[in-house]
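If you want the building blocks of each chain, they are given just below.
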Amino acid sequence: MSFSLKALEFEQVERLVDLLNKQLPLHGSGNFPTLEVSLESMVRTVKASLFEHHVELRDVRLNGSAASYVVADTDTYNDVDLIFGVNLSDTDSFKRVKEAVGDSLLKLLPQQVSRARLRGRMMVDAYVNKMVKVDQGSDCWSLMSLHNEGGCNVELKFVDKMRRQFEFSVDSFQIYLDPLLYYKSHSNVKMSKTFYPTVFGVSLYGDFEEAAGHLKEHLIDTVQPEEIRGGGLLKYARLLASGYKPLHPGKLARMERYMCSRFFIDFPDIEKQSEVIEKYLVGHCSNSRGTVQCARSRYTYLMVLHRVIEQSTVCLMNHERRQTLRFITQAACVCLKQANTAEAASVPQSKVLKSRFSPNAAPFLPGQLYSRS
């Protein structure tokens, strides 16, 4: 799969600097204090800890929606995704990466907090809400997600090799952070339009300018969706619900079939499907603008997802298909009820969608809300 590099313009580097300087609260469980740290401090601390634990580091990149924000000044970003390119070939390398993250969190504790009885593993338990380890074939990486109650988690991904690092052209950007960090450490000259560090971005989709154009024009395109875990179906529905449109409408039906096929291969039963959909909603449809608005956006998202599956699924038996569609309908009804009741404002984010599949529940679908036209 081809990719292209491009040096960022001054305005893009400015947005990157602002992002690195932003204070991000990381919330711990129990009595652990909230960590108020800048993204730059987080990156530098993790880099130092990896060195101390003898983990070979190639580079650090900004990825995902935060990178898209830097490239095209998009309205917002859901998570802050950081990719640390590391060597995970040693048998205990995954363990050393985990220890490095724990030690980094210890270092980032407020000065007044006593560290005498704290250990790195305790910090991981308190602040990491998701851990993933993949070591098979052309994939060798791990993920640790640091919890933010507003939904803007900090995703630390440690990658030796990864076969597929993006879903759509609009999320295919990665920005190399090391040149900017070096500049900030070694230069006293204030940045200006005529003097600023050369920071490269890359689009793993292919042509950088083409992918940036898709981002600015709110267009959807990808390559080989059947290679994406889950087919990219959940993000595709979110893009549609956010007003994005397919770049190639004539290829839409085929692309949606590929996405649905891969989704049901990776999540073959209703329990796995409901779990991944609920987690996606909690992680990507934030209630930062209020619970009512959150519930309405989730309802819209679920109705789009229902439409795509209803029109594009060809690999399921009728009973399995009805189960999936009924679950999505019930979940949408929960969100609609939340949005239309006076109690919605007091419902915590994690409670907005916790409806599980019930085979006896009556389906409800308010007409054909979405079409391919």
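Relevant structure appears above.
Residues numbered from 1 in each chain as written. Predicted model: local features only at pLDDT ≥ 70, side-chain atom pairs only at ≥ 80, totals over all residues. Heavy atoms only, no water.

## Some thoughts on the packing of aromatic side chains
Summed over all chains, the structure comprises 10 aromatic pairs. Arranged with centres 5.2 Å apart and planes meeting at 70°, the rings of Phe-173 and Phe-208 form a pair that is edge-to-face. Here Phe-173 is found in strand 9 (residues 173-176), whereas its partner Phe-208 is found in helix 7 (residues 208-217), with 35 residues between them in sequence. Plain terms: the ring middles of Phe-263 and Phe-264 are 5.3 Å apart, the flat faces sit at 90° to each other, and that makes the pair edge-to-face. For the pair shown, Phe-263 and Phe-264 are each scored as buried. Among the aromatic residues, those joined into a ring-pair cluster are Phe-263, Phe-264 and Phe-267. Across from the ring centre of Phe-94, 4.7 Å away, lies the NZ or CZ of Lys-133, which sits over that ring. (Phe/Tyr/Trp six-rings, centres within 6.5 Å; stacked < 30°, edge-to-face > 60°. Helix = DSSP H or I, 4+ residues; strand = E, 2+ residues; numbered from the N terminus. Buried < 20%, exposed > 50% of the residue type's maximum accessible area, 1.4 Å probe, protein only. Lys NZ or Arg CZ within 6 Å of the ring centre and 35° of its normal.)

## What to know about unusual backbone geometry
If you check the backbone angles, His-218 has positive phi at about 60° while not being a glycine. In this structure, His-218 sits in the loop between helix 7 and strand 11 (219-220). Positive phi is not limited to glycine here, since Gln-224 has a value of about 50°. Along the chain, Gln-224 falls in the loop between strand 11 and helix 8 (233-241). In this structure Gln-224 comes out as partly exposed when scored by relative accessible area, which is 39%.

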